[in-house]
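Residue-level structural notes
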Amino acid sequence: MRVIVVEDNTTNLSVLCGIVSRLPDVECQGFSDPRVAIEDVLCRPSDLMIVDYMMPDIDGLRFVAAVRAMAMHAHVPIIMVTADGDRATRLAAISAGVTDFLAKPVDPIELKARVSNLLELRGAQNALARRADTLALEVAQATRHLQVREEEIINRLARAIEFRDNETSEHVARVATVARIIAEELGQPADYARTLFLAAPLHDVGKIGVSDAILNKPGRLDAAELAAMRRHVDVGEQILADGDSDLVQMAAEIAASHHERWDGAGYPRGLAGSAIQLSARITAVADVFDALCSARVYKPAWPVEAARAEIQRCSGTQFDPDCVAAFERGWPRIAGLFIEDAITSAA
Ligand SMILES: [Fe+2]
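Residues numbered from 1 in each chain as written. Predicted model: local features only at pLDDT ≥ 70, side-chain atom pairs only at ≥ 80, totals over all residues. Heavy atoms only, no water.

Let's talk about the overall build of the protein chain
Along its length, the protein chain carries 14 helices and 5 strands. Taken over the C-alpha trace, the protein chain has a radius of gyration of 34 Å; the compact-globule value for 347 residues is 20 Å, which it surpasses by more than 25%. The dimensions of the protein chain, computed from C-alpha atoms along their principal axes, are 100 × 45 × 35 Å. Burial statistics for the protein chain: of 347 residues in total, 44% are counted as buried. Considering only intrachain contacts with a sequence separation of at least 6, the fraction spanning at least 24 residues in the protein chain is 63%. (Helix = DSSP H or I, 4+ residues; strand = E, 2+ residues; numbered from the N terminus. Rg over C-alpha atoms; globule rule 2.2 N^0.38 Å. Buried < 20%, exposed > 50% of the residue type's maximum accessible area, 1.4 Å probe, protein only. Contact = heavy atoms within 4.5 Å.)

Below you can see the structure in the form of structure tokens.
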């Protein structure tokens, strides 16, 4: 334990330090100049301070106020040495943050007893702080562990969808990345963009409930088939409903609303504008853009610039104009993804 003594009278200082330093496991350092003591405690932690009240320039009260302003010393015990019976000074000292008092002339036995008691208190404080740090670390590790497990389950579910619908194997990964770019360009917090990146791959999870004949049908779907295909939104919402985590809740809102349109002409609920969750408005742009750029059994892939122009054309009707503007701001990064994929495919 480190104890500092601040006393301008060098004889008293040496007596006090001599008594304190004889206590077990105590290192005592004396300062005759309170300014030097303040500079020291700015960069070195202490476990107890003993400070004289009567000092020139900086008295004990000002010293204590300066020390208490440092977060590192907010709870360090401080003993002030005062003239006995000086009630007003003692009240001011308590207000400034002094823990205990010693009357002049200092009784060595009382000094040792009070220092020992306060160091014991300080030891308990330190142990409690270490325990709190350890617990905070353990909670952070356990939380991260749970997040990793949740992300793993989500990723495996997304892979299951890829096996169900072969056309979407690359699609879900690109939709996730484009959605994250749009969220970042909208100025959404990093946590939101990350959650969206993880949730967006599940937007078509409800296709598990659509038959192969409809999913893989080349050519146009008739009215009954279209209605069955559109049910993937309801199925997806039911699969993901009532989740506890932010990730599953966002995945549910995306699955439920990624075919809604800004102008209210979408499905299943015909929601319009900001009544559609932002996550779903963002994913709608990313989903349609990637679908246009991808070859399907019923259509060839569009060139990326043509798909980009289609997104712009549908701003304010199918898509949230703010999301389309963010898509445009993120275009250099988005275009990079598709160029990389084209190079990989050609290789
Ligand atoms: Fe969909």
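A few points about the environment of L215
Turning to its location among the elements, L215 is positioned in helix 8 (residues 212-215). The class for L215 is buried, based on a relative accessible area of 5%. When the C-alpha atoms of L215 and L146 are compared, they prove to be 34 Å apart, with 69 residues separating the residues in sequence.

So, the coordination of the iron ion
Taken together, the protein donors to the iron ion comprise D204 (OD), H232 (NE2), H258 (NE2) and H259 (NE2), at separations of 2.1 to 2.3 Å. Bound by 4 donor atoms, the iron ion shows angles of 84 to 174 degrees at the metal and therefore irregular coordination geometry. Along the chain, the residues donating to the iron ion fall in the pattern D-x27-H-x25-H-H. Of this pair, H232 sits in helix 9 (residues 223-240) while H258 sits in the loop between helix 10 (246-257) and helix 11 (278-293), and the two are 26 residues apart along the sequence. Both residues of the pair, H232 and H258, belong to the buried class. (Donors = N, O, S within 2.8 Å, 3.2 Å for Na, K, Ca; no water. Tetrahedral: all angles 85-135°; square planar, octahedral: opposite > 155°, others 65-115°.)

Quick notes on the confidence of the model for the protein chain
For the protein chain, the average pLDDT comes to 90, and 95% of its residues sit at 70 or higher. By mean pLDDT, the top-scoring element of the protein chain is helix 13 (residues 321-329) (98), and the lowest-scoring one is helix 14 (residues 331-346) (72). (pLDDT = per-residue confidence, 0-100.)

Here's the deal with the sheet that holds strand 2 (residues 27-31)
Spatially, the 5 strands line up as an open sheet ordered 2-1-3-4-5, and their pairing is parallel. For this open sheet the edge positions go to strand 2 and strand 5 (100-104), each flanked by a neighbour on one side alone. Averaged over all pairs of adjacent strands, the angle between their axes in this sheet comes to 20 degrees, without regard to strand direction. One ladder, built from 5 bridges, connects strand 4 (residues 78-83) with strand 5; its direction is parallel. Note on strand 5: the bridge partner recorded for I79 is D100. In this fold helix 4 (residues 87-96) packs onto strand 4 and strand 5, with an angle of close to 150 degrees to the strand it touches most, strand 5. Contacting strand 1 (2-6), strand 3 (48-52), strand 4 and strand 5, helix 5 (residues 108-164) runs over the sheet at an angle of about 170 degrees to strand 5. (Pairing = 2+ DSSP bridges. Axes fitted to C-alpha atoms, helices over the stretch in contact; angles between N-to-C directions.)

Description of the pattern of salt bridges
Evaluated as defined, the whole model comprises 24 salt bridges. Between E151 and R144 there is a salt bridge whose closest N-O contact spans 3.7 Å. Ionic pairing is found between R156 and E152, a salt bridge with its closest N-O pair at 3.0 Å. Here E152 and R156 lie together in helix 5, a separation of 4 residues that amounts to about one turn. Its relative accessible area of 47% is what places R156 among the partly exposed residues. Within the structure, one salt-bridge network assembled from shared partners comprises R2, E27, D40 and R44. (Salt bridge = Lys/Arg side-chain N within 4 Å of Asp/Glu carboxyl O.)

A word on the pairing of strand 2
Pairing geometry for strand 1 and strand 2, over 5 bridges, is parallel. In the sheet register, V3 faces strand 2, and the bridge partner there is C28. Handedness of the crossover is the feature at issue here: the chain leaves strand 1, passes through helix 1 (residues 10-21), returns alongside strand 2, and the resulting connection is right-handed. (Right-handed = clockwise from strand over helix to strand, strands pointing away.)

As for unusual backbone geometry
A cis amide bond links K104 to the next residue, P105, at an omega of -10 degrees. Here P105 lies in the loop between strand 5 and helix 5. At the junction of Y267 and P268, the peptide bond is cis and its omega measures out at 10 degrees in the coordinates. Take P268: it is sitting in the loop between helix 10 and helix 11. With a phi close to 60 degrees, D25 is a non-glycine residue in the positive phi region. Note on placement: D25 falls in the loop between helix 1 and strand 2. The phi dihedral of D242 falls on the positive side, at around 65 degrees, and the residue is not glycine. For D242, the location among the structural elements is in the loop between helix 9 and helix 10.

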